[in-house]
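Topology and contacts: notes
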Amino acid sequence: PSEIQKSQIKGKQIPGIQNIIAIASGKGGVGKSTVTTNIAVTLAKMGFKVGVLDADIYGPSIPTMLDTFGSKPLSVEVGGKNLMKPIENYGVKMLSIGYFSGANQAVVWRGPMASKALNQMIRDAHWGELDFLLIDLPPGTGDIHLSIVQEVPVTGAVIVSTPQHIALADVRKGIAMFTMESINIPVLGLIENMAYFTPEELPENKYYIFGNQGAQYLAEDLGIPVLGEIPIIQSIRESGDVGRPAALQEGSKIEEIYTKTTQNMI
Ligand code: ADP
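On a predicted model such as this, the values are computed, not experimentally measured, just so you know.

Details of the overall build of the chain
If you tally the helices and strands in the chain, you get nine helices and ten strands. Since a compact globule built from 266 residues should have a radius of gyration of about 18 Å, the 18 Å found for the chain is in line with a globular shape. Considered along the principal axes of its C-alpha atoms, the chain spans approximately 60 × 40 × 35 Å. Relative to its 266 residues, the chain shows a buried fraction of 42%.

Have a look at this one:
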């Protein structure tokens, strides 16, 4: 960014938060929230102070995936200001629009309202000291993304995609948004989710259900690294559904894969 832009962004710095990482995807359903929650608990296990902001306001899944569904954030008075207190589980602090809407209630908001709510969850919340705040963005590129990348001092972006050609095509658009001259957020890399499947009875056989090598080629082409390849594993899905991220399974292959991916990211 130009010097002026840099100073504007600096002015927006959020005290106490060291790194803000936006987790994005071209398409929905590629596993962005699953990856976000697993990276969050992995960072916490590594000893970092971690927060997650669920900015996927049209399909907030962080509360379910981190077993805090139905929680209601309290307000705390800090320095004469009423702030939202993030919910905490597995050593991860989190806020989501999901805490403020009913279970079956649709969130029907215009872009500016949604952006305002998200801004409040970032700035009018008592996050305290954080090494990392992960922002789980909605899929695609839109108003909400633009307002976040313009308003929030994002340190870097991570893109999650399946290896499928059509999903990767949308990744290019997502990356183009972050690297736009006026925005200029470094893309830390691509995480390939649902990279392959290995049946239990044939553990040496990898089946590339959504295609092979596509993410590697795209990453090479864009000059960004592939941070990790996460296979399709039934327990990753099940753990998300019950709210206990699979990366918490100590000594497991899944824990190892998420640890490596997280180390590559930071
Ligand atoms: P997104 O946030 O991109 O919309 P989700 O994280 O909600 O995607 O994932 C979509 C579905 O796929 C969920 O049911 C999730 O449990 C499942 N899923 C995600 N990653 C994996 C994986 N590596 N293996 C198995 N299931 C997965």
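A word on the UniProt feature "binding site: ATP" (unreviewed entry) in the chain
In the numbering used here, UniProt assigns the "binding site: ATP" (unreviewed entry) feature to G26, K27, G28, G29, V30, G31, K32 and S33. Relative to the helices and strands, G28 resides in the loop between β1 (17–25) and α2 (32–45). Tracing the backbone through its elements, the reader meets S33 in helix α2. Look past the residues within four positions of S33 in its chain and what remains in contact with it is D56, S61, I62, M65 and D136.

Things to note about the environment of G156
For G156, the location among the structural elements is in strand β8 (residues 156–161). As for G156 and L188, which are separated by 32 residues in sequence, their C-alpha atoms are 5.9 Å apart. Residues contacting G156, with those up to four places away along its chain left out, are I21, I185, P186 and L188.

Overview of the site of the ligand
The full set close to the ligand counts 17 residues, and G31, K32, S33, T34 and R237 are the nearest of them. Of all the elements in the fold, those that place two or more residues in the shell around the ligand are α2, β9 (187–197), β10 (226–232) and α8 (234–242). Of the residues that constitute the shell around the ligand, the class distribution is six nonpolar, nine polar and two charged.

Let's talk about the sheet that holds strand β5 (residues 87–89)
Either a parallel or an antiparallel arrangement is found when strands of a sheet pair, and the pairing is made through backbone hydrogen bonds. Strand order in the open sheet formed by eight strands is β5-β6-β2-β7-β1-β8-β9-β10, with mixed pairing between adjacent strands. Every other strand in the sheet has two partners, leaving β5 and β10 as the edge strands with one partner each. Neighbouring strand axes in the sheet, compared pairwise and without regard to direction, differ in orientation by 25° on average. In this structure, β9 lies alongside β10, joined through five bridges in parallel fashion. Note that in β10 the partner of I191 across the bridge is G228.

With respect to unusual backbone geometry
Even without being glycine, Y90 reaches a positive phi, approximately 50°. Checked against the element boundaries, Y90 lands in the loop between β5 and β6 (92–96). Look at Q213: it is not a glycine, yet its phi comes out positive at around 70°. For Q213, the position within the fold is in the loop between β9 and α7 (214–222).

Thoughts on the environment of A167
With respect to the helices, strands and loops of the structure, A167 is situated in helix α6 (residues 165–179). By C-beta crowding, A167 is classed as buried, having 23 other C-beta atoms within 10 Å. For the pair A167 and A215, spaced 48 residues apart in sequence, the C-alpha separation works out to 9.8 Å. With sequence-adjacent residues up to four places away left out, A167 is seen in contact with G26, K27, V30, S161 and T162.

Overview of the environment of V226
Structurally, V226 is set in strand β10. In the structure, V226 is positioned 51 residues away from I175 in sequence and 14 Å away in space, judged by C-alpha atoms. Setting aside its immediate chain neighbours within four residues, V226 contacts G189, L190, E192, A215, Q216 and A219.

Let's talk about the packing of α2 against helix α9 (residues 253–265)
The description of two helices packed together rests on the angle between their axes and the distance between the axes. Direction vectors running N to C along α2 and α9 enclose 80°, while the axes themselves pass 9 Å from each other. Relative to α9, the element α2 is oriented roughly perpendicular. Along the contact surface, α2 presents N38, I39, T42 and L43, while α9 presents Y258, T259, T262 and M265. For the contact of α2 with α9, the class distribution of residues is four nonpolar, four polar and no charged.

What to know about the pairing of β6
A regular strand places its side chains so that they alternate between the two faces of the sheet. The buried fraction of β6 amounts to five of the five residues, a majority that puts the element mostly inside the structure. Pairing geometry for strand β2 (residues 50–54) and β6, over five bridges, is parallel. Residue pairing in the sheet places V50 in a bridge with V92 of β6. Where β5 meets β6, three bridges bridge the pair, whose relative direction is antiparallel. Considered in β6, the bridge of I87 is made with M94.

What counts and how
Residues numbered from 1 in each chain as written. Predicted model: local features only at pLDDT ≥ 70, side-chain atom pairs only at ≥ 80, totals over all residues. Helix = DSSP H or I, 4+ residues; strand = E, 2+ residues; numbered from the N terminus. Rg over C-alpha atoms; globule rule 2.2 N^0.38 Å. Buried ≥ 20, exposed ≤ 12 C-beta atoms within 10 Å, placed from the backbone. UniProt positions renumbered as here; feature names shortened; annotations may be inferred. Contact = placed C-beta atoms within 7 Å. Near = placed C-beta within 6 Å. Nonpolar A, V, L, I, M, F, W, Y, C, P; charged D, E, K, R; others polar. Pairing = 2+ DSSP bridges. Axes fitted to C-alpha atoms, helices over the stretch in contact; angles between N-to-C directions. Parallel < 35°, antiparallel > 145°, perpendicular 65-115°, else oblique.

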